[in-house]
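Remarks on the overall topology
The chain contents come next:
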Amino acid sequence: MTAAYDDRDGWIWMDGELVAWREAKVHILTHAMHYASSVFEGERCYNGKIFKSREHSLRLIESGRLLDMPIPYTADQIDAAKEEVLRANGFENAYLRVVAWRGSGPDMGVSAARNPVRMAVCAWEWGSYYGDAKWQGAKLDVAKWKRPSPETIPTAAKAAGLYMICTMSKHAAEAKGCSDALFMDWEGYVAEATGANIFFVKDGEIHTPLADRFLNGITRQTIIQMLRDKGYTVHERRILPEELEGFSECWLTGTAAEVTPVGQIGDWHFQVGRITRQVAEDYEALVRA
Ligand code: PMP
């Protein structure tokens, strides 16, 4: 069994300084614990270079702004904190988790403007998100929950509260032998997986849901650009679940998932085809370039 995440050797950056891994703690009366006032980033470092570090730092700052939780660090300072953590732990290839949250302070209720916004940066060595099954094509369940409307919650933020239904949906998926779940949105259109965006292929063209109502992943944006540069037509549009029948290939994109081929969603089947393989290889080359 692997050690619990709070029981490891190493260093974690917390509020401006490096602390020993096991000492990186917060008090139980932390606002975020009770009200989900927390935003985060997941990033990967390849051969000593963090992929799109600046984009992730800017997204964290934007997520904080969207939650009325201004992050007290600049993108330069956040980038530097990540580098410091990688150096301190001696990692060249790692996953990074940056988290900012509303801490403990004079307020312990819904309103918390007087409580400090805190930040931590952690890193650990981490392999393929879906394990060895990656090249067989992941099997996805269809989540019973729907991605919420942007009028109900700031859907563009990478915020902890948005993951409540992701955890529940992923647990349900795993109980059925699937590795992830696909969400529809509140209007019934195809949205995203629990921690990754989705792409489809039909007649050599690429189709992906318009990311105006869920996280517009940095990997998603990278892949769209990569495909367009190669001359592919990429349609960002509303996709109905009935259309899944007509798609030949499917893959997920995300910092953790990278490019993960999908073999099955519910009763719909896809091949791990030529375009999927090419995209996965090109992405692997790009992140290490
Ligand atoms: N959607 C969700 C819900 C996610 O958690 C992630 C992972 N951050 C993504 C999409 C993909 O985002 P990115 O490519 O920026 O990692």
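Keep in mind it's a predicted model, so treat the numbers as computed, not measured. (Residues numbered from 1 in each chain as written. Predicted model: local features only at pLDDT ≥ 70, side-chain atom pairs only at ≥ 80, totals over all residues. Heavy atoms only, no water.)

**Focus: helix H2 (residues 53-66)**
Going by this rule: For helices the rule is a DSSP run of H or I covering at least 4 residues; for strands it is a run of E covering at least 2, with both sets numbered from the N terminus onward. Helices are assigned an expected span. That span is 1.5 Å times one less than the residue count. Each residue gets one of three labels from its accessible area relative to the maximum for its type: buried under 20%, exposed over 50%, partly exposed in between, using a 1.4 Å probe on protein chains only. Relevant arc is that of directions from the helix axis to the C-beta atoms, nothing else. Whether two residues touch is decided by their heavy atoms; if any such pair falls within 4.5 Å, the residues are in contact.
Taking 1.5 Å per residue, 14 residues should reach 20 Å; H2 reaches 20 Å between its end C-alpha atoms and fits that length. Among all positions in H2, only Ser 53, His 56, Ser 57, Arg 59, Leu 60, Ser 63 and Gly 64 are buried. An end-on view of H2 places all buried positions within 160° of arc, on one side of the element. On the buried face of H2, the contacting elements are strand S3 (38-46), strand S4 (49-50), helix H3 (75-89), strand S5 (94-102), strand S6 (117-124) and helix H5 (218-229). Directly after H2, the chain includes Asp 68, whose backbone phi takes a positive value near 55°.

**Digging into the nonpolar core**
Threshold: Buried Ala, Val, Leu, Ile, Met, Phe, Trp, Tyr and Cys residues that are joined via side-chain atoms within 4.5 Å together make up what is termed a nonpolar core. Residue ranges for the domains trace back to a domain assignment, done automatically or taken from a database.
Counting 24 residues, the largest nonpolar core has Ile 71, Leu 86, Met 119 and Val 121 as its most contacted members. Of all the secondary-structure elements, those providing two or more residues to this core are S3, H3, S5 and S6. Of the residues that make up this core, three or more belong to each of domain 1 (11-124) and domain 2 (133-287). Val 121 has contacts with Ile 12, Trp 13, Ala 81, Lys 82, Val 85, Leu 96, Arg 97 and Val 98, leaving out every residue within four places of it along the chain.

**Some thoughts on the pairing of strand S14 (residues 258-265)**
Rule in force here: Should DSSP find at least two bridges between two strands, the strands are taken to pair.
Of all eight residues in S14, eight are buried, a share of seventy percent or more. Sheet analysis places strand S7 (residues 138-147) next to S14, joined by three bridges and oriented parallel. The residue bridging Lys 139 from the neighbouring strand is Gln 264, located in S14. Examined bridge by bridge, strand S13 (residues 249-254) and S14 share four bridges and lie antiparallel to one another. Opposite Gly 254, over in S14, you have Glu 258 as the bridge partner. Where S13 hands over to S14, the hairpin turn is made up of three residues, counted between the paired strands. If you look at the hairpin formed by S14 and strand S15 (residues 268-269), you'll find two residues sitting between the two strands, and Gly 266 has a positive phi there, around 55°.

**Some details on the domain arrangement of the protein**
For the record, the criterion: Here the quantity called buried area is the accessible surface, traced with a 1.4 Å probe, that two parts lose on coming together, added over both. Only one rule defines a salt bridge in this text: a Lys or Arg side-chain nitrogen within 4 Å of an Asp or Glu carboxyl oxygen.
According to the domain assignment, the protein contains domain 1 (11-124) and domain 2 (133-287). Distance from the C-alpha centre of domain 1 to the C-alpha centre of domain 2: 26 Å. Listed by partner, the interface residues are 18 residues for domain 1 and 19 residues for domain 2. Between domain 1 and domain 2, a total of about 1,600 Å² is buried, with carbon and sulfur atoms accounting for 66% of that surface. Among the residues of domain 1 in contact with domain 2, Phe 40, Phe 51 and Arg 59 are the three that bury the most area, contributing 36% of the side total. Where domain 1 packs against domain 2, one counts one salt bridge. Taking the shortest distance from any N to any O, the salt bridge between Glu 258 and Arg 44 comes out at 3.7 Å.

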